[in-house]
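Summary of structural features
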Amino acid sequence: AVPAAPGFAVDRYVGAFYPDQARAQVVLAAASEHGYYHPPKQAVHPYEVRIVERLPATERAGGRIDTVVAAGTRVVVEGWTDSTAARPGRTLYVASRPPAQGAGAFVVVQRQDVAFKTGDAGMLLSGFRMELEYGSEARAREAAGALCMVSQAAGEAPSRLQPLYPGCEPP
């Protein structure tokens, strides 16, 4: 896999898990160094993260917020969307109370579980981990309990990520 944007890092050997990810990476790197194997080039695109007061209206569900953790003045969010990182032009809308002051680090996370469950190998690139800045520990703790997201790929209807907390409603 190759990053499609500057400053955006991805694993070179996306999808290599046998016998475990660390061993697969070593074996494939050695094979590549000796000219036996060269991974296919798959562009991986980051999301554009937009902090909004109101989420785009949608009836469509797609993806899940798996974890939300307040860490100092930041909130770390992990989950997956129904739009793979192989597609350019994706937007992730984030609404919380209080609202985030900005988005920090964003990482595409391999989701073998989602690819297996959906039967779509392309969904391996559907995961994410991101940080949101709130300016104070109290604001971050409060927002971690009331954070909602919607994802949208270019040319598609938006889809709401299943919230981690029941009753999560957009402000």
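Data block above holds the structure.
Structure report, in brief.

Analysis parameters
Residues numbered from 1 in each chain as written. Predicted model: local features only at pLDDT ≥ 70, side-chain atom pairs only at ≥ 80, totals over all residues. Heavy atoms only, no water. Pairing = 2+ DSSP bridges. Helix = DSSP H or I, 4+ residues; strand = E, 2+ residues; numbered from the N terminus. Axes fitted to C-alpha atoms, helices over the stretch in contact; angles between N-to-C directions. Contact = heavy atoms within 4.5 Å. Salt bridge = Lys/Arg side-chain N within 4 Å of Asp/Glu carboxyl O.

On to the sheet that holds strand S10 (residues 159-162), then. With mixed pairing, the eight strands of this open sheet are ordered in space as S3-S6-S9-S10-S4-S5-S8-S7. With partners counted over all chains shown, the strands left at the sheet margins are strand S3 (48-51) and strand S7 (102-109), one partner each. Averaged over neighbouring strand pairs, the angle between their axes works out to 25° when direction is ignored. Bridge count for S7 against strand S8 (residues 127-133) is six bridges, and the pairing is antiparallel. Paired with phenylalanine 106 across the bridge in S8 is methionine 130. Across the face of the sheet, helix H3 (residues 137-144) comes into contact with strand S4 (61-71), strand S5 (74-81), strand S6 (90-96) and strand S9 (147-153) while running at roughly 150° to S4.

A few words on the pattern of salt bridges. Scanning the entire structure with this criterion turns up 10 salt bridges. We note a salt bridge from arginine 111 to aspartate 66, for which the minimum N-O separation is 2.6 Å. Of this pair, arginine 111 sits in the loop between S7 and helix H2 (112-118) while aspartate 66 is found in strand S4, placing the two residues 45 residues apart along the sequence. Where arginine 129 meets glutamate 78, a salt bridge forms, and the shortest distance between an N and an O atom there is 3.7 Å.

On to unusual backbone geometry, then. Most peptide bonds take the trans configuration, and most residues that are not glycine carry a negative phi. The omega torsion of the bond from arginine 97 to proline 98 falls at -5°, within 30 degrees of zero and hence cis. Of note, proline 98 is situated in the loop between S6 and S7.

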